[in-house]
Amino acid sequence: MRPRALIVDDEPDIRELLGITLGRMNIDVDTVGDFATAVKRLGGQRYSLVLTDMRLPDGNGLDLVEWIQDHRPGVPVAVITAHGNVEAAVRALKLGAFDFISKPLDLAALRRLITATLKLDEDSLERTQRRATLLLLGDSKPMEQLREMISKVARSQAPVHISGDSGTGKELVARLIHESGPRGDGPFVPVNCGAIPSELMESELFGHKKGSFTGAVTDKQGLIHSAEGGTLFLDEVADLPLHMQVKLLRVIQEKAVRPVGETREVPVDVRILSATHRRLDELVKAGRFREDLYYRINVIELHVPALRERLDDVPQLVDMLLDRVAKQIGVKRPDISDEAMDKLMGYAYPGNVRELENILERAVTLCADARVEPGDIQLKQGAGFDLPPVGEESAGDGLEGQLEHIEREAIMKALEQTRYNKTKAAALLGMTFRQLRYRTKKLGID
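Our subject in this report is the structure included herewith. Here the structure is a predicted model, which means the values were calculated and not measured.

### Digging into the layout of surface pockets
Of the voids in this model, the largest pocket is the one considered here, and its volume is about 910 Å³. The wall of the largest pocket is formed by 41 residues, among which F100, A109, E254, K255 and V268 lie closest to the centre. For the lining of the largest pocket, the secondary-structure elements that each account for two or more residues are α4 (86-95), β7 (99-102), α5 (107-118), α11 (242-254) and β15 (271-276). Per element, the largest residue contribution to the lining of the largest pocket is five residues, and it comes from α5. Tallied by class, the residues present in the lining of the largest pocket amount to 19 nonpolar, 10 polar and 12 charged.

### Regarding the packing of helix α16 (residues 352-366) against helix α19 (residues 433-443)
As a packed pair, α16 and α19 sit with axes 10 Å apart at the nearest point and diverge in direction by 140°. Taken together, the axes of α16 and α19 lie oblique to each other. By crossing handedness, the relation of α16 to α19 is classed as left-handed. Residue-level inspection shows E361, V364 and T365 of α16 in contact with α19, the latter providing Q435, Y438, R439 and K442. Its residues placed into classes, the contact of α16 with α19 shows two nonpolar, two polar and three charged.

### Thoughts on unusual backbone geometry
Between K103 and the following residue, P104, the backbone shows a cis peptide bond with an omega angle of -5°. Following the sequence through the fold, P104 ends up in the loop between β7 and α5. Located in the positive-phi region is E236, a residue other than glycine, with phi close to 50°. With respect to the secondary-structure elements, E236 resides in the loop between β12 (231-235) and α11. Assessed through its relative accessible area of 13%, E236 is described here as buried. Of note in this structure, N352 is not a glycine but carries a positive phi near 60°.

What counts and what doesn't
- Residues numbered from 1 in each chain as written.
- Predicted model: local features only at pLDDT ≥ 70, side-chain atom pairs only at ≥ 80, totals over all residues.
- Heavy atoms only, no water.
- 1 Å grid on protein atoms, 1.4 Å probe; cavity = no way out; pocket = protein on both sides within 12 Å on 5 of 7 lines; lining within 4 Å.
- Points joined across faces, edges and corners; volume = space filled by probe spheres on them.
- Helix = DSSP H or I, 4+ residues; strand = E, 2+ residues; numbered from the N terminus.
- Nonpolar A, V, L, I, M, F, W, Y, C, P; charged D, E, K, R; others polar.
- Axes fitted to C-alpha atoms, helices over the stretch in contact; angles between N-to-C directions.
- Parallel < 35°, antiparallel > 145°, perpendicular 65-115°, else oblique.
- Left-handed = near helix turned anticlockwise from the far one by under 90°.
- Contact = heavy atoms within 4.5 Å.
- Buried < 20%, exposed > 50% of the residue type's maximum accessible area, 1.4 Å probe, protein only.

Dropping the structure here:
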């Protein structure tokens, strides 16, 4: 069955142009010139997509977007805006529009938009929900809400900002949004904004032309362009320097990039997802993050809950992580006592799921008789630790540094006592040879 589209525009020439363009894409088209007629058509006909102008004789495109969200929520709607009217485009996306396109119409961009829209169906929504359930474990209410939001935003092209503490899985959420949406067949390009030196950032993101600066011996494609047809994930976006924030804003607004040394902009079709563990609104108030960029990347905000906000999910996570850790180390999966689980359930997890995995990794390595007991679980308690005191040289380290320091000291002492006989050292430490080999490799002990 051929898809059918509804075009809503009061200009006959635009309706005709859109009708011809979509017709050549094997899409049946109905055209109307006002809001009231559009609502009437939507009430009696099923459409695969709606394309509406922002200005209508008896209302505007935003009114139609809202009506569709309330009465036909499964129908994707895209909005045609006046060139440069970013505010209207952002409002449309916030109300639930799939995407927007500006006048004068770029037919190639329009065809890309239509193609992406037609990839949305109920089957893809169900796949999104199944995959999110598998990868984002937990039956708590915060996790149910997170999975629902992923399903919704995956069906849009709106920029999404993912907030949450370090270790909560923000990149996993971004990948799920990408893989579950119409861009899932395209590339997913993650960029850690805090890991690129400031002086190289423009070249890395936008690319450069040969000879544009010393060392530019060939043309180079930037990371943004490498995400063509897919998703660009800007992790730790708060670390972008102010001069790069200006350039990123233009990319989002104009859907084009200009490589260093190039005289013209090159169109680019990417969806922008971003994340940070910091409060962007506070950085805006402090003048360290541009307000206009904040509103453009934060069209939809998606919060990933901290583990302390969903402690009921800990047993399910422990079950999964014990399997994973045991396979990595190459040992039999241990059981865990009720007392050890109670200890894990009573902890606040400042490092979130990532910290839980590290805790279990150590517990599996150190436990005896393939059973994790409370003594095998090393947790940070308030300002201190339920571990032997450490020397002053590690007092300024974080939890990870202190635990690794203690573990390294214990292994080194055992190796020295056994004259570096790893089999005897492993026995002295109460672990298998394979476990000791895994820990020495991880800690960088020769």
